[in-house]
Amino acid sequence: MRRRLLHVLCLASLGAAAASLPVDSADARYHAVSQWGGLGTGLGKFATIAGAVGVDAAGDVYVPDTDAARVNKYTSGGVPLMTWGWGVVDGTAALQHCDATTPCRAGLAGGEAGQFEGVAAVAPAPDGTVWTVDGPRLSQYTASGAFVKSVGWGVLDGSSQLQTCTVMTGCLAGLAGAGDGQLDSPLSLEVGADGRVYVADTGNTRVSVFSAGGSWLFSFGSAGTGAGQFAGVRDVAVDPATGDILATDRGSVSIPVNQRYSRFTSSGAFIRTVGRGVRDGGTTFQRCTAACHPGTLGSGSGELAYPHGIVVDDDGYVYVADRDNNRIEKFDSDDMPAAAISSTDPVIGPLNRPRDVAVLPDGDLIVDDSENVRIVRFDAVKPVATIGGAPSATTTDRVLDLTLSATEGATRFECLLDGAPSPCAAGYTTPALSVGQHTLQVRAIDADAIVGDYTSATFTVLAQGQGGGGGGGGGVPTPLQEPSADAPIVPGPPTPDPPLPPAKAAAKPALGVTVKPPATLLPGRRVRASLRVASSLSAVRVELRDRYGRRRLLGDAKLSSVRRDRVYVVLLRVKRRPAGRATSLSVRGRRADGRVVARVVHMTSATPSS
């Protein structure tokens, strides 16, 4: 999950030297649009806001209120939904939940089941539960704050081994240390798409990885300033596309080394680190893959000053809470600087030592603005692409000369022609097109690496002599669901040209698909799809996607040894609540010659509003 967290450390000024460094100009296409929180113990307030925030698939935001020993939950727009912790309603020594219908107060700190001592981070999981890290133990709750279990050394009976406890067994605070699966002053955590829990085990200068059930799997990292080492790992994130693990790292205020973040494989093997002077000790932004130097304080493009929170979005862009530069630094999937984001809104005002950043399902950012005791939401103004010169319906031209343009100062375009990547620029000439229906999808990317939604143009190429009066009209393109970022797809046999003589009309498409969705898509519901396979395919995969193309959130199925002209019925169980109403079923099959054919069926099932 693209969720983010962070933690509390000693606050100290960077000093006059850092303050005098020029900071990158703010990204004008990220606008600070709202703020919420403030100092207090009532509903939606914070005693402190020094923890790491999390965002679930529905866009709800979870914030640890560390000094008040509780967790606050909000809508993506900042409306307080609830708070949970021991005694948060009336001071009773038990787990309680307060909301707009009850009083809310600070919680009671401690190590009992469901109790917080110093909760540092919150991370929603794909199964709908929520994990927290609190001292040397991990705890799991439902999305409504009901306690499930805690995991840590000695949490059951004080033994020096990894244990699990529940309400029935009772819980202890746990034992800090450096054993396998043991934690020491962890500052944050992340939950991946596979449910694995990744912990920034700061006191042990390492990252520890646990299974979805809480079993320890492995740890990596050691103390130092070399490649793959940490001075003080602050936060951890998982790239949803590659499975890479990323971690921010920095030393203390008195020894400010390792002002950088590092990327590792899913198994913990070092890939590279980025920051000021990490390759040769220089005074500019650098990347390093071996024999690395400590990163040093800086405020230029890509340079960091006490980095804390980190998150990766679905397009592979990395966001780092660059605390003492009072900004969010954005990097591309190759870890090159892309933008600097800060607030210039006269009402909201500037950020003050932001400690964490999270990405909402719609691409907007949630920032833990720690010193201002608030959450700030940034609206990402996406560029909108326009396709000029596309046929409005039909054409007999086999090669089209098109003009691509976009709002928001877009600098480049990404194109998909019939689902396959097609290199394109502002002046785009298509490859030779076959007779039949084609779909061109275009999205724009602006100078600050904000990725727009796909715009589409669908048209039919007719054989010479069939006529067609819809060429070159440039119909108004309509936004389309972003497709999956799978391997390039070679389009299958085209849909029959309309109209055709009866003999030709009998030809079948490569994949015939009918879908019977439930009235409302909710976890546990099933979607029924009937497939007629008219080509000889070695396998067919069926994927249920939400409007962001994230099939991993919903159901999928795979049919092997597919035979020609057979009808298959597939039932897909919805795994996660879809984000938004636009949902589709994607069917992909591989032919014996290796070519892939695909078909997307858009569905109209409603999803409940947040």
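Residues numbered from 1 in each chain as written. Predicted model: local features only at pLDDT ≥ 70, side-chain atom pairs only at ≥ 80, totals over all residues. Heavy atoms only, no water.

> Hey, could you go over the overall build of the protein for me, with residue numbers and the actual values?
Per the secondary structure count, the protein includes two helices and 43 strands. A total of 610 residues make up the protein; the buried ones form 53% of that total. Summarising the internal contacts of the protein: among those between residues at least 6 apart in sequence, 55% fall at separations of at least 24. For the protein, the exposed area adds up to about 23,100 Å²; of that, 53% sits on carbon and sulfur atoms. (Helix = DSSP H or I, 4+ residues; strand = E, 2+ residues; numbered from the N terminus. Buried < 20%, exposed > 50% of the residue type's maximum accessible area, 1.4 Å probe, protein only. Contact = heavy atoms within 4.5 Å. Areas by Shrake-Rupley, 256 points an atom, 1.4 Å probe, with all protein chains shown as cover.)

> Describe the confidence of the model for the protein, naming the residues involved and giving the relevant values.
Low pLDDT means the predicted atomic positions in that stretch should not be read closely. Averaged over every residue, the pLDDT of the protein is 82; the share at 70 or more is 73%. This model gives residues 1-27 a pLDDT under 50, and the stretch forms 122 contacts once residues within four places in sequence are excluded. The model gives residues 469-510 a pLDDT under 50, and that stretch makes 101 contacts with residues more than four places away or in other chains. (pLDDT = per-residue confidence, 0-100.)

> Break down the nonpolar core for me, citing the residues and quoting the values.
Tyr-30, Tyr-319, Ile-328, Ile-341, Val-357, Leu-365 and Phe-378 are the most contacted members of the largest nonpolar core, which totals 22 residues. The set of elements that each furnish at least two residues to this core consists of β1 (30-37), β22 (318-322), β24 (337-341), β25 (354-359), β26 (365-369) and β27 (374-380). Residues Leu-433, Leu-440, Ala-444 and Ala-457 belong to the second largest nonpolar core, which totals 18 residues. (Core = buried A, V, L, I, M, F, W, Y, C linked by side-chain atoms within 4.5 Å.)

> Residues and numbers for the environment of Ile-49, please.
Here Ile-49 lies in the loop between β1 and β2 (54-55). Sequence separation between Ile-49 and Gly-38 is 11 residues, and the spatial gap between their C-alpha atoms is 9.0 Å. Setting aside its immediate chain neighbours within four residues, Ile-49 contacts Val-63, Asp-368, Asp-369, Ser-370, Val-373, Arg-374 and Ile-375.

> Go over the state of the cysteines with me, naming the residues and quoting the values.
Throughout this description, disulfide means a covalent bond between two cysteine sulfur atoms. Scanning the entire structure with this criterion turns up four disulfides. What pairs with Cys-98 in a disulfide is Cys-104, and their sulfur atoms sit 1.9 Å apart. The S-S bond linking Cys-98 to Cys-104 shows a torsion near 110°; that makes this disulfide right-handed. With respect to class, Cys-98 is no different from Cys-104; both count as buried. Numbered by position along the chain, the disulfide-linked cysteines of the protein connect as 1-2, 3-4, 5-6, 7-8. (Disulfide = S-S within 2.5 Å.)

> Could you give an account of the pairing of strand β16 (residues 233-238), with specific residues and numbers?
The element β16 is largely enclosed, with a buried count of six among its six residues. Summarising the sheet, β16 and strand β17 (residues 245-249) pair through five bridges and their orientation is antiparallel. Bridge assignment links Asp-235 to a residue of β17, and that residue is Thr-248. (Pairing = 2+ DSSP bridges.)

> Just give me the short version of the sheet that holds strand β13 (residues 197-201), but keep the residues and values in it.
Read from one edge to the other, the open sheet built from four strands follows the order β12-β13-β14-β15, with strand pairing classed as antiparallel. Bordering the open sheet on either side are β12 (188-191) and β15 (216-220), each of which pairs with just one other strand. Averaged over all pairs of adjacent strands, the angle between strand axes in this sheet comes to 20°, irrespective of strand direction. (Axes fitted to C-alpha atoms, helices over the stretch in contact; angles between N-to-C directions.)

> Just give me the short version of the sheet that holds strand β21 (residues 307-312), but keep the residues and values in it.
Ordered by their spatial adjacency, four strands build an open sheet running β21-β22-β23-β24, and the pairing between neighbours is antiparallel. Because the sheet does not close on itself, it has two edges, and the strands there are β21 and β24. The average angle at which neighbouring strand axes cross in this sheet is 20°, direction not considered. Relative to β24, strand β23 (residues 327-331) is paired through four bridges, and the arrangement is antiparallel. Directly across from Glu-329, in β24, lies its bridge partner Ala-340.

> Give a description of the pairing of β23 that names residues and reports values.
On any regular strand, side chains alternate: one points to one face of the sheet, the next to the other face. Burial of β23 is extensive: five of the five residues sit out of reach of the surface. Judged by which residues are buried, β23 turns out to be covered on both faces: Arg-327, Glu-329 and Phe-331 on one side and Ile-328 and Lys-330 on the other are all buried. Two elements, β22 and β23, share five bridges in a ladder whose sense is antiparallel. Within β23, the residue paired with Ala-321 across the bridge is Ile-328. Two successive antiparallel strands, β22 and β23, enclose a turn made up of four residues, where Asn-326 displays a positive phi of approximately 55°. Where β23 folds back onto β24 in an antiparallel hairpin, the turn is made up of five residues, including Asp-335, whose phi is positive at roughly 65°.

> Could you give an account of the pattern of salt bridges, naming the residues involved and the relevant values?
Enumeration according to the criterion identifies 20 salt bridges in this entry. Between Arg-443 and Asp-315 there is a salt bridge, with its nearest N and O atoms 3.5 Å apart. Taken as a pair, Arg-443 in strand β34 (residues 436-446) and Asp-315 in the loop between β21 and β22 lie far apart in primary sequence, 128 residues in all. For Arg-443, a relative accessible area of 8% corresponds to the buried category. Note that Asp-322 and Arg-327 form a salt bridge whose closest N and O atoms lie 2.7 Å from each other. (Salt bridge = Lys/Arg side-chain N within 4 Å of Asp/Glu carboxyl O.)

> Give a detailed account of the environment of Leu-183, specifying residues and quantitative values.
Position of Leu-183 among the secondary structure elements: in the loop between β11 (162-165) and β12. In this view, Leu-183 contacts Pro-136, Arg-137, Leu-138, Leu-175, Ala-176, Gly-177, Val-199, Asp-201, Asn-204, Ser-208 and Phe-210; residues no more than four positions away in its chain are not counted.

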